[in-house]
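Structure assessment
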Amino acid sequence: MVKTYYITTYGCQMNVHESEKLAGILSKKGYIASENIETADIILFNTCAIRENAENHAFGNIGALKKLKKNNKDLIIAVGGCMTQQTGVAEILAKKFPFVDIIFGTHNLDDFGKMLDKKISSKKRVVEVLENEKQICEDTPKFRTSYPNAWVNITYGCNNFCTYCIVPYVRGRERSRKMDDILEECRRIVELGYKEITLLGQNVNSYGLDFNDENITFPILLKKIADIKGDFRLRFMTNHPKDLSDELIEAMLYSDKICKYIHLPVQSGSTKILELMNRRYTRENYLEKIKKLKEKIPNISITTDIMVGFPFETEEDFLDTLNLVKTCRFNGAFTFVYSKRKGTIAEKMDGQIEEAVSKDRIQRLIDLQNQIAKEISLEYKDKIVEVLCEDFDTKKEMYLGRDEFNRMCYFSSDENLIGKFVNVKITKTGGISLVGELV
Ligand code: SAH
Ligand code: SF4
Ligand code: F3S
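Let me sum up the structure you'll find in this document. (Residues numbered from 1 in each chain as written. Chains lettered and ligands numbered in written order. Predicted model: local features only at pLDDT ≥ 70, side-chain atom pairs only at ≥ 80, totals over all residues. Heavy atoms only, no water.)

Here the residue pair Y147 and P148 is connected by a cis peptide bond, since its omega of 10° sits within 30 degrees of zero. The topology assignment puts P148 in the loop between β6 (126–128) and β7 (149–153). Cis geometry marks the peptide bond from M237 to T238; its omega dihedral reads 0°. Structurally, T238 can be placed in the loop between β11 (233–237) and α10 (246–252). Of note in the backbone geometry, K123 takes a positive phi value of approximately 60° without being a glycine. (Helix = DSSP H or I, 4+ residues; strand = E, 2+ residues; numbered from the N terminus.)

See the structure below:
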């Protein structure tokens, strides 16, 4: 009988794509995806360590697998990703959950197939976490699960060491993929009929810096991908404000294929806090970049990440953040309460903020952002937008997709439109997503 696998993914898009590689490795070995976790022969957790609650979630869900293992002794349970890559975590996990069969980190994800073989042939637990990153592996198969969108890595790792962030410790130093490898992958994706490419990197703007070649930069890469023949959209994330260049703004205007959308995490509106975070830009620098983006690309959609409760954040600093949000009028914002991460610089800072204070601040921030998003949404009423249909929502019994500006839109159709660009006239606004009719 065919063996099956079930993958649970935590964290960012990078991890979602990493899971597509794990699925690719398993598919190549003849495994197929299982609809539900209970009946799978292999259960794989691809974890995240960005905030404490991401880890608690994973720990809780791994613990709950004990029952399944009891009922099925042949079940293989594997845990990998950013959480297990942290110093000492694999040992804790191994001790706490003796029923976990394979533990690996981020640096040896491409070797998952070998670890699985080892487990099956030796019948012994395999724990392999490498201390350092290896060279980029180009031949890991991918089983893509997000048609019509395809994720494409352009860089791995991060050199920025923002003082709150665990990513540089668990993903290693920044490495860029060769431009030819990226272009080849993008060409293949378009040939296969994918309609959207999203380029991934912790900081896409620093793509190519490790090659020290002025002909290998992110804006040049973006233009070259846009030159690929075919009907597709091009997105990229994430951008670090300190590295957002005029060349990138100009490159965004180069082709209609490049979405006029940018995710530009600000983190805080207070220069004092930004400095403590080691973000290497000031409130004024950030506002200037936003101004320039809006001037050069008048209809641009900008989203951001904001954190509250970073050490030493006073009410005044927080008001600076609220104020910046009012000025920028972001199309969307992911908001977080600062979470202490072991081994980071901020962990050891004095001035940690009480939970009640952070909770109050995040609520005020969410209320403000919701109000702004609602106002922006109202401007969509009766407009016709081009939507790439992505999925069918079985609860709402409607198709859904996003416009160029990354705004979600629902609509009805008798015909399956997944993977097609359609025009939708917006009839209902005000919520997180829009509702409209095909025109
Ligand atoms: N490389 C991306 C961010 C990846 S993490 C960038 O630099 O923009 C995604 C978001 O998680 C960050 O933008 C930040 O807002 C949030 N984040 C990171 N570390 C965090 C922590 N310790 N506590 C709370 N939020 C955090
Ligand atoms: Fe973390 Fe900063 Fe790197 Fe983003 S740029 S991954 S926030 S260290
Ligand atoms: Fe992503 Fe979480 Fe790792 S946000 S890079 S999966 S720590």
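The next thing to look at is the pairing of strand β4 (residues 76–81). Extensive coverage of β4 is indicated by the burial of six of its six residues. Side chains I76, A78 and G80 project from β4 onto one buried face, and the interleaved I77, V79 and G81 project onto a second face that is buried too. Judged from the two bridges that link them, β4 and strand β5 (residues 102–104) form a sheet pairing that is parallel. What sits directly across from V79, in β5, is I103. (Buried < 20%, exposed > 50% of the residue type's maximum accessible area, 1.4 Å probe, protein only. Pairing = 2+ DSSP bridges.)

What follows deals with the site of ligand 1. Contacts to ligand 1 come from 15 residues, most closely from Q202, P265, Q267, D305 and S339. For ligand 1, a nitrogen atom lies 3.1 Å from a polar atom in the backbone of Y164. Between ligand 1 and Q202, the relevant distance is 2.8 Å, taken from a nitrogen atom to a side-chain nitrogen or oxygen of the residue. Counting only elements with at least two residues in the shell around ligand 1, the list comes to β13 (301–308) and β14 (332–337). Among the residues forming the shell around ligand 1, the class breakdown is seven nonpolar, four polar and four charged. (Near = heavy atom within 4 Å. Polar contact = N/O pair within 3.5 Å; in protein donor to acceptor, adjacent residues only side chain to side chain. Nonpolar A, V, L, I, M, F, W, Y, C, P; charged D, E, K, R; others polar.)

A few words now on the sheet that holds strand β10 (residues 196–200). One open sheet accounts for three strands, arranged β7-β10-β11; its pairing is parallel. In the strand order of this sheet, the two ends are held by β7 and β11, each with one partner. Here the strands of the sheet are splayed against their neighbours by 25° on average, with no regard to which way each runs. Packed on one face of the sheet, helix α1 (residues 13–28) meets β7, β10 and β11 and runs near 95° to β7. Relative to the sheet, helix α8 (residues 179–191) contacts β7 and β10, its axis offset from that of β7 by approximately 170°. (Axes fitted to C-alpha atoms, helices over the stretch in contact; angles between N-to-C directions. Contact = heavy atoms within 4.5 Å.)

Before going further, it helps to examine the packing of α8 against helix α9 (residues 218–226). Closest axis-to-axis distance for the α8/α9 pair is 10 Å, and the angle between their directions is 30°. Here α8 is positioned roughly parallel relative to α9, judged by the angle of their axes. The way α8 lies across α9 gives a crossing that is right-handed. For the pair α8 and α9, the contacting residues are M179, I182, L183 and C186 in the first and I220, L221, K224 and I225 in the second. In terms of residue class, the contact of α8 with α9 is built from seven nonpolar, no polar and one charged. (Parallel < 35°, antiparallel > 145°, perpendicular 65-115°, else oblique. Left-handed = near helix turned anticlockwise from the far one by under 90°.)

Bear in mind that shape data such as this cannot, by itself, settle questions of function.
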